[in-house]
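Each chain, letter by letter, is given below.
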Amino acid sequence: MNICHIRLIESISISNFKAIDSLTINANGHNVLIEGQNGSGKSSIFDAYFWTLTGKLADGSTPNANDIINSSSRALPAVTVAFDKFSIARSLVKKGNGFETIIAINDAPVKPSELPFAINHFIPAQAIELLSNIFSFALLKKSDRRALLMQLISVSNEDVFKANATLTPLANLFHTQSIDDIIFNFKNNVKDCKLKLAQLAPRIDENLAALQSLDASVLPDLRQKLAALVEQKSIKDNEIINLRASLKSTPDPKRAVGIRRNIEHFQQKIARADEKLIALRQEFVAVRNQSGGECPTCKQPLPTALFQQIKNERLRDINRRGQELKSIRNDFSDSLLRLQSELESLPHGVDTSDIAEKIAAAERELAEINRNIDAVRSDINRLAQADNIKGRIDALKADEKSLAAALADYERILFLANEFQNTKIKLIEDAINRLFKFVSFKLFETCQNGNIKDVCEPTMHGVDFDNLSSGEKFKASLDILRTFSRHLGIKLPVFIDNSESYTTNSRFDIGHQTFILRAVDDKPLTVTISESSIQFDLICKRAG
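Residues numbered from 1 in each chain as written. Predicted model: local features only at pLDDT ≥ 70, side-chain atom pairs only at ≥ 80, totals over all residues. Heavy atoms only, no water.

Caption draft 1: Expanded view of the overall build of the protein chain. Within the protein chain, the secondary structure is distributed over 15 helices and 15 strands. Taking 544 residues into account, the globule formula puts the C-alpha radius of gyration at 24 Å, and the protein chain, at 61 Å, lies well above it. By the burial criterion, 38% of the 544 residues in the protein chain qualify as buried. Taking the contacts inside the protein chain whose residues are at least 6 apart along the sequence as the reference set, 69% of them involve residues at least 24 apart. Side chains of the protein chain give 70 positive and 68 negative charges; the mean places of these two sets differ by 5 Å. (Helix = DSSP H or I, 4+ residues; strand = E, 2+ residues; numbered from the N terminus. Rg over C-alpha atoms; globule rule 2.2 N^0.38 Å. Buried < 20%, exposed > 50% of the residue type's maximum accessible area, 1.4 Å probe, protein only. Contact = heavy atoms within 4.5 Å. Lys, Arg positive; Asp, Glu negative; His and termini not counted. Charge placed at Lys NZ, Arg CZ, Asp CG, Glu CD.)

Here is the structure:
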């Protein structure tokens, strides 16, 4: 931006501000040299100027009333700064138990909250702090410095693609992501791919080892062996079936003993049933032959009808019990006949122990055959897994190939993203550094983890600002001030405090109305107006 405005201070009037009781500087737009011993009020003039325009002191701090009230008179401060185009006045007045700030621009009252907007008609609010103190930029926090520098230039993604056409494959990614997002996401993608590939390798090796342990050439022999074993099993099964059939048709001596025992048991039951039947018959005859009876309670003869009724009921009961007992005896008799018939049908004199031993031996042989069949089948099944293992290996290798391709693609995008970032960093730094005559800025720093960190380190001839000599610091600060002055389109009066601390062998024409503040031992506060340009080498020589 070309300079279109120059603001010059015509006068500064100060009353009761810090170390100043009353002082008027009629600069009339010229340069001003302010000298005096420490404590004489030089810095108070600088603070008064800043306080009037911003409400802050020259170091950027916001004072309370006691910080700025004149220490000797304790009167309330009032400052008026008259520029060539406008004037601004600020004062404190007593209000209740506190103070009120009164501000006026061209004698028109302005609320403190509205001052930045009101003064912006004459001076950009940002320019007051940045351009009034030649060292103001160096005093800012690094993040604030960087933010100001980034306002000077504009580097778009399209500018990066123009500078390096190989980066254009990234263009579509910027529709939804920033470069930081792209780098972060693709770093994670690369990490995930490498992890999955690392997990696949041992699985492939494991299946290859399993495949190598399988000798499929022995499969025909194993199948032939299995067929022979199955045939042996069939023969042995039939042998056992025949032996068991033979055993079943051969009587067991123990079986005959058991049958005889059961015959004796049923014979005893039949005899007891016959005894009970005889007793029932005798009871029936005895009851039937009774001709009368007596009452068991009173011992009186029973009436004939009642006696006959009781007699008939007893006979019917005896008859019922007799029928039930006969039915039971008949069942016993039937069982006895079956047992006797079975006993008679058993052959005599046959030993079954030999058959039982043959069955046991055959069952042991069958168990061994079954074990051999299971072992051979297990071997066949294991060898038959070779095709399945080959399939798994092919699938794992396909996954490995796919992941390797994805990894290569992710690494390519990540490489391009880093190149994009580095290219943009260079474009930004080059664009900013082209604006300065002496100063170069380091705006980015690579961390140990590879991430890029925003920084803001002014350098001159490769030396950090903090390590420059006093004269070089002045030269660098003036370069910065001039650049921002061009950018903001305005020149403001510049205050150089503690100028006795800066020495240089070069001549610098500041190019702005300049207020030089210099400490001189044993000298009262003195203000000198210079109608000609003040050369820096003349002003900054140490006193004495």
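Caption draft 2: Spatial organisation of the sheet that holds strand β14 (residues 514-519). The mixed open sheet is built from four strands, whose spatial order is β13-β14-β4-β15. In this open sheet, the two strands that pair with only one neighbour each are β13 (494-496) and β15 (526-530). The average angle at which neighbouring strand axes cross in this sheet is 15°, direction not considered. Bridging between strand β4 (residues 31-36) and β14 involves five bridges; their strand directions are parallel. Each bridged residue has a counterpart across the sheet, and for L33 the counterpart in β14 is I516. (Pairing = 2+ DSSP bridges. Axes fitted to C-alpha atoms, helices over the stretch in contact; angles between N-to-C directions.)

Caption draft 3: Focus on the packing of aromatic side chains. Summed over the entire model, instances satisfying the criterion amount to 18 aromatic pairs. Taking the centre distance of 6.0 Å and the plane angle of 80° together, the rings of Y49 and F50 count as edge-to-face. Relative accessible area serves as the criterion here: at 0%, Y49 is assigned to the buried category. By relative accessible area, which is 3% here, F50 ends up buried. In this structure, R90 packs its charged tip against the face of W51, placed 5.5 Å from the ring centre. Sitting over the face of the ring of F438, K475 holds its NZ or CZ atom 4.1 Å from the ring centroid. (Phe/Tyr/Trp six-rings, centres within 6.5 Å; stacked < 30°, edge-to-face > 60°. Lys NZ or Arg CZ within 6 Å of the ring centre and 35° of its normal.)

Caption draft 4: Here's a closer look at the environment of L167. Structurally, L167 can be placed in the loop between α7 (157-163) and α8 (179-212). By relative accessible area, which is 0% here, L167 ends up buried. Along the chain, L167 and L416 lie 249 residues apart, while their C-alpha atoms are 5.9 Å from each other. In this structure, L167 is in contact with V160, F161, L416, E419, F420 and T423, ignoring residues within four places of it in sequence.

Caption draft 5: Layout of empty space enclosed by the protein. Counted under the stated rule, the structure contains one cavity of 30 Å³ or more. Reported here for the largest cavity is a volume of approximately 40 Å³. As for the largest cavity, its lining consists of L130, N133, I134, S136, F137, S477, I480, L481 and F484. Every element with two or more residues in the lining of the largest cavity is listed here: α5 (136-139) and α14 (470-488). At four residues, α14 tops the list of elements feeding residues into the lining of the largest cavity. For the lining of the largest cavity, the class distribution of residues is six nonpolar, three polar and no charged. (1 Å grid on protein atoms, 1.4 Å probe; cavity = no way out; pocket = protein on both sides within 12 Å on 5 of 7 lines; lining within 4 Å. Points joined across faces, edges and corners; volume = space filled by probe spheres on them. Nonpolar A, V, L, I, M, F, W, Y, C, P; charged D, E, K, R; others polar.)

Caption draft 6: Quick peek at the layout of surface pockets. As a volume, the largest pocket reaches approximately 370 Å³. What lines the largest pocket is a set of 20 residues, among which I179, D180, I183, Q421 and I452 lie closest to the centre. Counting only elements with at least two residues in the lining of the largest pocket, the list comes to α8, α13 (386-433) and β10 (452-460). No other element matches the six residues that α13 contributes to the lining of the largest pocket. In the lining of the largest pocket, the residues fall into nine nonpolar, six polar and five charged.

Caption draft 7: Unusual backbone geometry, seen in detail. Phi at N106 is positive, roughly 50°, even though this residue is not glycine. Tracing the backbone through its elements, the reader meets N106 in the loop between β7 (98-105) and β8 (108-110). Of note, D107 is a non-glycine position whose phi angle comes to about 70°, a positive value. Mapping D107 onto the fold places it in the loop between β7 and β8. Note on D107: relative accessible area 73%, which makes it exposed.

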